[in-house]
Amino acid sequence: ANIPMEEQEAVMRSLLARHIEQWIDTPIPALDGKTPLGMVGLPGGKERVGQLLKEMENTEERKRRAGEFYVDVNVLRKKLDFPPS
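Residues numbered from 1 in each chain as written. Predicted model: local features only at pLDDT ≥ 70, side-chain atom pairs only at ≥ 80, totals over all residues. Heavy atoms only, no water.

(A) Region of the structure containing the overall build of the chain. When helices and strands are counted, the chain shows four helices and zero strands. The linear arrangement of helices and strands in the chain, starting from the amino end, is α-α-α-α. Oriented by its inertia axes, the alpha-carbon framework of the chain measures out at about 50 × 25 × 20 Å. Each of the 85 residues in the chain was classed as buried or not, and the buried ones make up 25%. Residue pairs at least 24 apart in sequence account for 41% of intrachain contacts in the chain once pairs closer than 6 positions are excluded. With an accessible surface of roughly 5900 Å², the chain has 54% of that area assigned to carbon and sulfur atoms. Charge-centre separation for the chain: the mean point of 13 positive side chains lies 4 Å from the mean point of 14 negative side chains. (Helix = DSSP H or I, 4+ residues; strand = E, 2+ residues; numbered from the N terminus. Buried < 20%, exposed > 50% of the residue type's maximum accessible area, 1.4 Å probe, protein only. Contact = heavy atoms within 4.5 Å. Areas by Shrake-Rupley, 256 points an atom, 1.4 Å probe, with all protein chains shown as cover. Lys, Arg positive; Asp, Glu negative; His and termini not counted. Charge placed at Lys NZ, Arg CZ, Asp CG, Glu CD.)

(B) The arrangement of helix α3 (residues 45–65) in detail. For α3, with 21 residues, the first-to-last C-alpha span of 30 Å sits near the 30 Å given by 1.5 Å per residue. Of the surrounding secondary structure, the elements contacted by the buried residues of α3 are α1 (5–23), α2 (36–39) and α4 (73–79). After α3 finishes, the residue G67 shows a positive phi value of roughly 80°. (Expected span 1.5 Å × (residues − 1).)

(C) Inspection of the pattern of salt bridges at higher detail. By the definition in use, this model includes seven salt bridges. In this structure, K54 and E57 form a salt bridge, with 3.8 Å as the shortest nitrogen-oxygen distance. Of the two residues, K54 and E57 both sit in helix α3, three residues apart, roughly one turn of that helix. Note that E61 is salt-bridged to R64, the shortest N-O span being 2.6 Å. With E61 and R64 both in helix α3 and three residues apart, this pair spans about one turn of that helix. For E61, a relative accessible area of 26% corresponds to the partly exposed category. Overlapping salt bridges bring together K54, E57 and R77 as one network. (Salt bridge = Lys/Arg side-chain N within 4 Å of Asp/Glu carboxyl O.)

What follows is the structure in structure tokens.
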């Protein structure tokens, strides 16, 4: 509670950046336990990952508009070789 807001924001941004770095290599239940990076190479996998990214974009956009911390999903799109939305 006594931590300055600037430091709190820096910590949150660092945690979000780390989460983004790890997300593409993390097994995701919505992808039948496969990683997003592994799924894009499977038949129909790119579409499933694309849908998941779209859902994430909608959620993160709501957070951004509310002034909350949010993830730039375009970072994930770039890492997975998806065009920006």
